[in-house]
Every structure is written in structure tokens, then in C-alpha cells.
Amino acid sequence: MNGEVVSRIRALIGRLGIWAAFLAVFASLALADGNCEATVNRPIAVCFAEKPLTVDHCNRTLVPHFTVQRFHSDQVGPPSYYFTYQLLLNGNPLSEPVDAFQSKPVLTTDDPAGQVPLSIDFHGTGSYAIRITVHAESQPPVTEISPPINLEDHAQVWALVVGISHYSNPSHVALDDLFHADSDAQSVRDLLKTYLPSDAHIDLRTSRDGPQGLTSGAILGSIDQIGRTESLCGDDDMFIFYFSGHGIVGASRQGSPGQVFGHYLSTEDFDPQKLQTTSINIVDLLTRLYLLRAKNLLVILDSCFSGVYRRPIPQQSAANGKGPKAVRRRSAKVEYVVNGALVDPLEIGTGDMAKQDADVMAFQMYAQMTEKSGFRALYLSAAGADHEAEEGFVSYDGDGLEFIRSDEETDEQKQRGHGLYTYSLIWNLLQQIPSGEAIPSSVLGAVPDHTTARGRCELDFFSAYTNATADINRLRKRSPERDVQTPNVAGRTEQELPAVVCAARAGGATDVRH
């Protein structure tokens, strides 16, 4: 008898008692030796799988895995049977034995689950075992207890985090590079990496890693792949899509009376002459995310997905003296495309600009569809339709939020800049972390000097959005001449997203970039 089996016996005795351990040992030894089979001297054998119990995540139930071997002669077939079961948690029975078959020998196959599926309520994290008593025709009852197995079940979280600072298009004029979109995505990833369970799936894609994963096909294909292979069906399961980069407001024809502008997210190889294939249409994105059928969906867009606000900065007369020159802010995260070319928003008629509500309404439509499906969704945007999302150096001081646009940053500030919306959102998420828990310095380059004293670590994104919006609005009120963006809830279900319970690491600031 090897050391592993001896250790198992000792653990069983401590948890289940002498008699229960005695019964379980025979089952485990039989499995270990591969000889769990019925014989003439052992006409009924209960054979547990390597994992005798597993958790059905979607239904929060336990599924037993065992077979019932029955010895029989060639002349007489195997007897019919039924069984009772009793679940044990941490060595203690949770109820009296359950007779799901009303003492009727209705089972005729070795695998009872194949004939009558059985599920049992899951009671949270712990050490589980199951006692099976088989009642076969013309045979005395046979009882076996499975080896104990530690089981847990928690929310499954998947995240696709995209930041595009660098744009390259060898054939045509590329978009202006952004300074901080890569850093935005990295900070979001660091936040999730620190506080989500260790088995959370976080896919980070930035310009720093090369263009391969930043095409329209790669981004949408990843969403489709998750939909095909994963089931985010648990009540607290969540899919998070984050994007920081240029938003595109585009139309295929210039000057058309019925022209309607579509809204897109840029990709690394964006080409205005190939708008449909080198960018991500908002409606297409929402469709793919809806088809994930995630119980909870969170979308955060730090770009101008709906922004059509024309904000030129009038300067002195142009060199030819024919009038003011319109210069757009370098910090803005939006570009305009008409007839396959990048254009200044001044070139687009005001009437045409107003005809852009269809995509904005799509968020609300998909929120309603999600609600009817019994799911929850929250779509957050860095700016409403009358402003442009911006990036720069962001900080909090005694007066609240401070913002220096990337046009005006010093070289030192450029090393620590972010999107205004991303920074304020993350800052308010960090303020939810209980005192004493780890706050990674890599997230923002600074950490809040005060956090909540709650004992439970969790991330409430809607609450963080509300507080971030209030911070930005106070900044607008203090400096109305700067006309900074106003964040927006593009759409949401009436049922709010649950807060994500985190697996915080004790200690002070730490670095999680690896």
C-alpha cells in the first residue's frame, strides 16, 4: 500500500469517522488497482469515477459519476436495481438517504446517469463525498462511499482588453497615433489581473505586442471563439469587452441627402478606403457580444463611438489671409471618414451629422433584447454624442480630478498619461477595495490615499461609472471653458450587473505586470 493511499485513509478517518472511512477505503483501493468489477463473490460493485462528483456550473448542482457492475451468468441477465444516495459535506451527512426511485428497481444499465440523470444541490465550497446504496433484485443492499473530493464553484470571468495607440497603413494615410491607449488597456488588464479570481481569462492586446491580434477579424474572431467554446451561464458569470483607441464616424457617400453616418472602432491597420473591413462596426460588435449569451455583459469604450461633435479650435488667420484655420485637438480619440477619405468634421454638413442616431439606439435595442433573454448588460462610453473622448495626463488632488490634454503634456507627463475616462473609472474602482488589500502601483502610477473599509473585496462597475462621471462633471464645472467630455451610459438592462467578487491579495502596492 503506497503512501498516497495511506494518507487518504488517515484523512478519511478524520473526516468521515472509522466506519465511513472503512467503506470508502475499499472503493478507493478497488479503483486504484483497476479491479472494480462484479464477481461471483461480489455480485454487486459500485465503481466511482476518478472524480466521483463534479459541479454543474450553470445549474449550481452536483453530478455524481459512478457505475454499478452486476455479476450474472450467461443464462440469467443482470438484475434490475435502484439506489439511494446520501451527500456528505466535510464529513457530515446533509440529509437522510434520498430514494429518488421510490424503491422501484427501474435501472437496467451499468451507468445509471445514462438512463436517469441525477443532479444534487451544491452547498458551496467544501469536501464532498457521496454514499450510494444499491438495491438489486435478489441481492442484499450494497453500500459504498466515494473518496472525498474538494469542490468549489465561483463566477467565470472572461475579458478581451484592447488598446491601440499605433496605427500603420502602408497603402494610405494612417490615423494619428494616440499617446495612451496602450497604457489604458494595460492598466485595465492589471486591475483585473489583481482582483479577479486566478482562473479568470484576460486577453490583453495592444500595439506593443504587434498588429496580429488587432485586426477586425482577430478581435471579432476571438469573441466568436469564446461563444463557441465557453458557457458563461452562471448567475455571476461575466464577459468584459474594453476598447481604447480611435472611434470612427464614417459614411460611404459625401453630400447625399439621405446620408447616415455609421460608427466604428478603429483597428491597427485601419484604411479609410476599406472602412467596412478594417474597422469594427458598432452594430456588428454588439451582435457578436449578444450571441455570447453571457449572463452578464460589460462593455467599456474609451473612444468616440458616437461622438460627432465638431470642435475645431479657431486660430489666427491662415497664411493666405482668407479666414480662420480649423485645428482639431490632438488629444481627441475620433476620426471622420467620408467617401473613403479622412475628413475634417467641418466638411460634413450639420444636417448629415444629426442623422447618426441609429447606431446609438442599437445599444438600447440590444440592452432590451438582453433583458428579455434574462441576462444583464451595461454599455459604458467615454463620451456622449456631443463630445469627443480625450486623453492626457490625469490626476486627483485636493480639488478633485485634474486633466492636462495630451497636446499640452510635458515629456514626463506623457510617460504616465491615460484616457480621461479610463483613469477616472479605474480610480473609482480602486476606491472600492477594502483597506489593507493590495493596490497595484502599475495600474495608474498612483493609488488612492483612501479606500472603503468594507470587509468584502468586490468591483462594482456601475458605481464606479457613476462616481467617475461625477468627478468629470465637477471638473467641467470648475473649468467650463475647457469643455471636457461627459461619460455616457449608452445602454443598460433594468437588472443591474452584480459586483464582481474579487480574490484580493493582502499587502500594500504591488506590481502585477508579468
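Let me begin by describing the structure that accompanies this report.

Calculation notes
- Residues numbered from 1 in each chain as written.
- Predicted model: local features only at pLDDT ≥ 70, side-chain atom pairs only at ≥ 80, totals over all residues.
- Heavy atoms only, no water.
- Helix = DSSP H or I, 4+ residues; strand = E, 2+ residues; numbered from the N terminus.
- Buried < 20%, exposed > 50% of the residue type's maximum accessible area, 1.4 Å probe, protein only.
- Areas by Shrake-Rupley, 256 points an atom, 1.4 Å probe, with all protein chains shown as cover.
- Core = buried A, V, L, I, M, F, W, Y, C linked by side-chain atoms within 4.5 Å.
- Contact = heavy atoms within 4.5 Å.
- Phe/Tyr/Trp six-rings, centres within 6.5 Å; stacked < 30°, edge-to-face > 60°.
- Expected span 1.5 Å × (residues − 1).
- Disulfide = S-S within 2.5 Å.
- Polar contact = N/O pair within 3.5 Å; in protein donor to acceptor, adjacent residues only side chain to side chain.
- Pairing = 2+ DSSP bridges.
- Axes fitted to C-alpha atoms, helices over the stretch in contact; angles between N-to-C directions.
- Parallel < 35°, antiparallel > 145°, perpendicular 65-115°, else oblique.
- Left-handed = near helix turned anticlockwise from the far one by under 90°.
- Nonpolar A, V, L, I, M, F, W, Y, C, P; charged D, E, K, R; others polar.

Time to look at the overall build of the chain. The number of helices and strands found in the chain is 11 helices and 26 strands. Looking at the 514 residues of the chain, the share that counts as buried comes to 50%. Of the roughly 22,900 Å² of accessible surface on the chain, 50% is carried by carbon and sulfur atoms.

Moving on to the nonpolar core. In this structure, L192, Y195, I240, L298, I300, L430 and F461 are the most contacted members of the largest nonpolar core, which totals 56 residues. Of all the elements, helix α10 (residues 420–430) adds the most residues to this core, at eight residues. Those residues in contact with L192 that lie beyond four places of it in its chain are A159, V161, I202, I240 and F461. Of all hydrophobic cores here, the second largest spans 41 residues; its members include I226, L292, V299 and A490.

This part covers the packing of aromatic side chains. Summed over all chains, the structure comprises 10 aromatic pairs. Ring geometry for F66 against F83: centres 5.3 Å apart, planes inclined by 85°, an arrangement best described as edge-to-face. Within this pair, whereas F66 is found in strand β2 (residues 61–70), its partner F83 is found in strand β3 (residues 81–89), the two being separated by 17 residues in sequence. The two residues F66 and F83 agree in class, both being buried.

On to helix α4 (residues 181–195), then. Between its first and last C-alpha, α4 extends 22 Å over 15 residues, near the 21 Å set by a 1.5 Å rise per residue. Extensive coverage of α4 is indicated by the burial of 14 of its 15 residues.

What follows deals with the state of the cysteines. Here a disulfide denotes one covalent bond, and it connects the sulfur atoms of two cysteines. Here the structure, examined in full by the defined rule, presents two disulfides. Here C36 engages in a disulfide with C47; their sulfurs sit 1.9 Å apart. Taking the torsion about the sulfur-sulfur bond, which here is approximately -95°, the covalent link between C36 and C47 counts as left-handed. Residue C36 is found in the loop between α2 (18–33) and β1 (44–56), and its partner C47 is found in strand β1; the two are separated by 11 residues along the sequence. For C36, a relative accessible area of 15% puts it in the buried group. Covalent S-S linkage joins C58 and C233, the inter-sulfur distance amounting to 1.6 Å.

Quick look at the side chain of S279 now. Examined against the element boundaries, S279 turns out to sit in strand β14 (residues 279–281). Its relative accessible area of 2% is what places S279 among the buried residues. In terms of polar contacts, S279 uses its side chain to reach the backbone carbonyl oxygen of L275, at 2.4 Å. S279 has contacts with S216, Y264, L265, T267 and F270, leaving out every residue within four places of it along the chain.

The next subject is the sheet that holds strand β23 (residues 418–419). Here we have three strands laid out as an open sheet, ordered β22-β21-β23, and antiparallel in their pairing. The open sheet has two edge strands, β22 (400–405) and β23, and neither has a second partner. Relative to β23, strand β21 (residues 391–397) runs antiparallel, the two being bridged by two bridges. Across the sheet, residue G392 finds its bridge partner in β23, namely H418. Lying over the sheet, α10 contacts β21, β22 and β23, oriented at roughly 30° with respect to β21.

This paragraph deals with the packing of α4 against α10. Working note: a packed helix pair is described by the angle between its axes plus the distance between those axes. One way to put it is that α4 packs onto α10 with a least axis distance of 10 Å and a crossing angle of 15°. Taken together, the axes of α4 and α10 are roughly parallel relative to one another. α10 is crossed by α4, and the crossing has left-handed handedness. Packed against α4, whose contacting residues are D184, S187, V188, L191 and Y195, the element α10 presents T422, I426, L429 and L430 at the interface. Of the residues that constitute the contact of α4 with α10, the class distribution is six nonpolar, two polar and one charged.

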